[in-house]
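Descriptive analysis of the structure
Residue-level listing of the chains:
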Amino acid sequence: MIGGRRPISGRKPGDKRIRVDRVHSPYFRYTGRGQLTAKAAASAPTTALGRFNQRVKAFLLGRPLANEEEIGQRLSKKKALAIFSSDAISSSAYATEEIILAFLLAGVGSAAFSLSIEVSVAIAVLLGIVAFSYRQVCIAYPSGGGSYSVSKANLGRNASLVAASALLIDYTLTVAVSTSSAVEQIASAVPALHDWTVVIAITAIALITLGNLRGLREAGSIFAIPTYLFLGSAFLMIGLGVFRILFMGDTGPTPSPAVIRVTQETATNVGILILLRAFASGAVALTGTEAIATGVPAFEPPESRNAARTLMAMAIILGTLFIGITFLASNFHILPMEFPKQTVIAQIARHVYGDTVGFYLFQAFTALLLFLAANTSYIAFPRLAAVLGEDGFFPRQFAFRGDRLAFSTGILLLGVVAGAVVISAQARTHALIPLYAVGVFIDFTIAQTGMVRHWLRTRELGWRYRLAINAVGATLTLIIAIVVTSVKFVDGAWLVVVLIPTLVAAMRFVRRQYDAQAKELEVRDDLVFQRPHREQRVVIPVNGINRSVVQAVMFGKSLATDPSLLQAVYVTTDLDEAELLRERWERQLPGVPLVVVESPYRALVGPVITYLDVLDMAWPPDKEAPTTIVVLPEYVAKHWWDRLLYNQTAKRLKGELVGREHTVIADVPYRRTELREA
Amino acid sequence: MSAVRRGRAHARWYRGPARRPVLGVTQSLVRGRRYAEVPTLVADTSAPQFRRAVVALSGGRTDRSIVALAAELARPAKADLVGVHVVEIDWTLPLDADVAGRSEDAQRVLDIAEATAEATRYTLETVLLQARDVGAAIVDEATERAADVIICGLPFRRRFGGDFAIGSTIPYVLKNAPCAVWVVREAMPEEQA
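Since the structure is predicted, the reported quantities are computational estimates derived from the model, not experimental observations.

A few points about the overall build of chain B
Within chain B one finds four helices and nine strands. If you list the helices and strands of chain B from N to C, you get β-β-β-β-β-α-β-α-β-α-β-α-β. Going through the 193 residues of chain B one by one, you find that 35% of them count as buried. Taking all contacts inside chain B whose residues are at least 6 apart in sequence as the whole, residues at least 24 apart take part in 79%.

Written out as structure tokens, the structure reads:
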């Protein structure tokens, strides 16, 4: 009979069959020879508290997903342009404002109207060169050419860690800057929300974090919509604005006193340093350019060609937007306003669309795009952290996927750090910009230099031409990185300059720890392990004779390699009681010596530990030290509140024994249900 | 699917869900009257429906395809699918010898079938049996579970390279099953076609 089942009779006499219990079936599935795959039920909680926790988690994050439920969607060029370019395109919402602010803060406000177009054109040219350089990355690395992977393959560990650190900072700042700018756009449309910007930004970051913990995917069409809505309304605004400037002589809204004062200034004292500061501020428009090169595998085949074309399309769109918005700002004589907060792009939109629904829609689309840009970092940051985790530079838990297949640890870290950055900057985009561009240009430089090495190493068809493009890109971005760091150093770039080496050192430290651990645990490939070579000594601390102790003693007997190496230890303050126990012990548990340790100072744990030390010291020095197995009888409480009443001494003893040399702790649990059965 | 149905002399193409389990005889009601005897050819493009099917799993090449097929056909009526694998116990061992329970191979046959059904987003109940005769066990299990259909897979094999070999299980099932039996034979290998 199997599993208590009797044969079942069939329709014909003699036809019998037996149903075999498949006990593993609810929890596991055989998927190969000697290979089981756990089902969801295998990791289901068994306690009431665990089930409650799981329900709460499922409510907040959704049901756990299996590995095979991961969506591997390929993106068309149109969709990829919207999804990968949201970060880059969204920077056009604040890049112009940063150029104007750079002139204003330098005390040459009139230059904001006369020179900002030239500065924006220079940045657009730089964008073209960087995009053209990254085009080569798309072609050379169809599996995705982030700065980290390109530099790891071509420039070695240190350069790749610098790139990774710069990227991590860049992604964090993308969240902080995009969210802050989005909130500023909202406050520009609804000035009543001005005092709530930090709260709104933190709430938005919390919601985006939660959404990503739920396994939000960037590939859905819904994510492409905000980008195209913004592009449509922004190009319409630029078209209408340019028409009004060129054909209607529109010079902008009624000038404010600040604008009148600024327009009366002369821009004769604009030095090269001020121009460089304006250029460095506006260079934030280039952030996010590398996203397409990183995401080449997500494109439809032929991946490299599609990615390269999308990248160039993105550069043209961003360049046009940026120059167009700057052209409108300078011709409409628009300056950013702090109280009430009015961003430059919001003022342009209000002037072009009027105080109509068109203006509010444009602001909504801009804010949406900026939130989407923040969301792209939630995809890239955890992925990079996971790669670093796999490479041993980050704690390994960053490489583990959570219940919803998302890299939960990385997502949480990004959310917390970005939130802290937003709070410290009081959700002001301008306060964050000096930190932003530095890491971006360091990344560009490392990636382009890596590509130069790549072409020199591989010497593929057309390598000279490609090498020249990347060499120009590397040189130019290096110069810009130096310029940006120098002119923004005091404003906050120093923080990035300090943070990057700190992160590199931290990552190297983590890697060293993992390397040391791996070396310590390494097993030589040629060794064959037959049987344990150390003798096993078993020591059972007891508190009397009871079922739990007897069970532990029986278990200890099975472990001792030699009966003489088995003993029970009883620590007591009352020798009379100990004598009574000894008499009973010898009668009921013969063959297991009981050592009584009197403790006049009433300590229980210390004497046991010291007794083990003494046993070690007494071991013949010419023999290899034995493995000491401390068997702890443990009474398993039925309720959580029971646990306070039992096993407290055993817990303390366990705490003291953890990490002791050649010592193994064996808990022998005794459950109350067994009491009833016995 | 096309089905020969009995209806009025004016034949018509009918498209729509079957009104009763198609297995066995499909009866049609036209204008409230039962026309049972006048033969008419009607092409029925709806999927055949059943309430419960026993899928006989041999652990062979056809298992995945018959499970996927059964899942697709079961979906419209949300029918129950029962995957049955029988481990044949020869007469040298008692019938209740612990053979199938210890056999990882037997468990795997059912687990793979279960996973195949899940991949098509359908649930397959699995049953592992020990019996002296595979065919009898399948028929008896289907009978006990009141299945409408038994679905079997049949690999294309030749006996010593000669005649097509159908084995003994499928003829037994075809001969003795009280319900409908669908046999899905795998394609003939190219070199033999």
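Some thoughts on the domain arrangement of chain A
The domain boundaries assigned to chain A delineate domain 1 (76-516) and domain 2 (536-677). Taken over C-alpha atoms, the centre of domain 1 of chain A sits 64 Å from the centre of domain 2 of chain A.

Describing the interface of chain A and chain B
In this complex, chain A contributes 19 residues to the contact, which on the side of chain B involves 23 residues. Elements that contribute at least two residues to the side of chain A that touches chain B include exactly strand 2 (16-20) and strand 3 (28-32) of chain A. Looking at the side of chain A that touches chain B, the element that brings in the most residues is strand 2 of chain A, giving five residues. By residue class, the composition of the side of chain A that touches chain B is six nonpolar, four polar and nine charged. Bridge count between strand 2 of chain A and strand 7 (residues 125-131) of chain B: four bridges; the pairing is antiparallel. Bridge pairing links arginine 17 of chain A to alanine 131 of chain B in strand 7 of chain B.

Description of the packing of helix 16 (residues 357-390) of chain A against helix 17 (residues 408-424) of chain A
Axis angle and axis distance: for two packed helices, these are the angle between their axes and the distance between the axes, and together they describe the pair. Residue and element names in this part refer to chain A. Relative to each other, helix 16 and helix 17 sit at 125 degrees, their axes nearing to 8 Å. Taken together, helix 16 and helix 17 sit at an angle that is classed as oblique. As for how helix 16 packs across helix 17, the hand of that crossing is right-handed. Note on element contacts: helix 17 touches helix 16 through Gly410, Ile411 and Leu414, opposite Ser377, Tyr378, Phe381, Pro382, Ala385 and Ala386. The class makeup of the residues in the contact of helix 16 with helix 17 is seven nonpolar, two polar and no charged.

Regarding the sheet that holds strand 5 (residues 52-57) of chain B
Ordered in space as 1(A)-2(A)-7(B)-6(B)-5(B)-8(B)-9(B), the seven strands form an open sheet in which the pairing is mixed. Each edge of the sheet is formed by a strand with only one pairing partner; in this case those strands are strand 1 (8-9) of chain A together with strand 9 (180-185) of chain B. Note that strand 8 (residues 149-154) of chain B and strand 9 of chain B share six bridges and pair parallel. Bridging from a neighbouring strand, cysteine 152 of chain B pairs with valine 183 of chain B of strand 9 of chain B. Sheet contacts for helix 4 (residues 169-176) of chain B: strand 8 and strand 9 of chain B; angle to strand 8 of chain B, the most-contacted strand, approximately 160 degrees.

Description of the nonpolar core
Core analysis: the largest hydrophobic core is formed by 155 residues, its most contacted members being Leu127, Ala283, Leu311, Ile348 and Val484 of chain A. It is helix 8 (residues 157-189) of chain A that contributes the most residues to this core, 19 residues altogether. Setting aside chain neighbours within four positions, we find leucine 311 of chain A in contact with Ala131, Tyr134, Arg135, Cys138, Ile292 and Ala293 of chain A. Counting residues in each nonpolar core, the second largest holds 47 residues, with Ala100, Leu110, Val139 and Cys179 of chain B among its members.

The rules behind the values
- Residue positions are counted from 1 within each chain, in the order its sequence is given.
- All chains are assigned letters beginning with A, and all ligands numbers beginning with 1, in the order in which they are written.
- With the structure being a predicted model, the display of local features is reserved for residues of pLDDT at least 70 and the display and counting of side-chain atom pairs for 80 or more, all residues being used for whole-chain, interface and lining totals.
- Only DSSP runs of H or I reaching four residues or more are called helices, and only runs of E reaching two or more are called strands; each is numbered from the N terminus.
- Put simply, a residue is buried when 20 or more other C-beta atoms lie within 10 Å of its own C-beta and exposed when 12 or fewer do; between those, it is partly exposed, and each C-beta is set from the backbone.
- Throughout, a residue-residue contact means that the two C-beta atoms, derived from backbone geometry, are no farther apart than 7 Å.
- Boundaries between domains were set according to an automatic or database domain assignment.
- Asp, Glu, Lys and Arg are counted as charged, while Ala, Val, Leu, Ile, Met, Phe, Trp, Tyr, Cys and Pro are counted as nonpolar; the rest, among them Gly, fall into the polar class.
- DSSP bridges decide pairing: two strands pair if at least two such bridges lie between them.
- Only the stretch in contact is used when fitting a helix axis, every axis being a line fitted to C-alpha atoms; angles between N-to-C directions are given from 0 to 180 degrees.
- Roughly parallel means an angle under 35 degrees; roughly antiparallel, over 145; roughly perpendicular, 65 to 115; everything else is oblique.
- Definitions for this section: a left-handed crossing has its near helix turned counterclockwise from the far helix by less than a right angle. A right-handed crossing has that turn clockwise.
- Note on definitions: a nonpolar core is a set of buried residues drawn from Ala, Val, Leu, Ile, Met, Phe, Trp, Tyr and Cys, linked by C-beta atoms within 7 Å.

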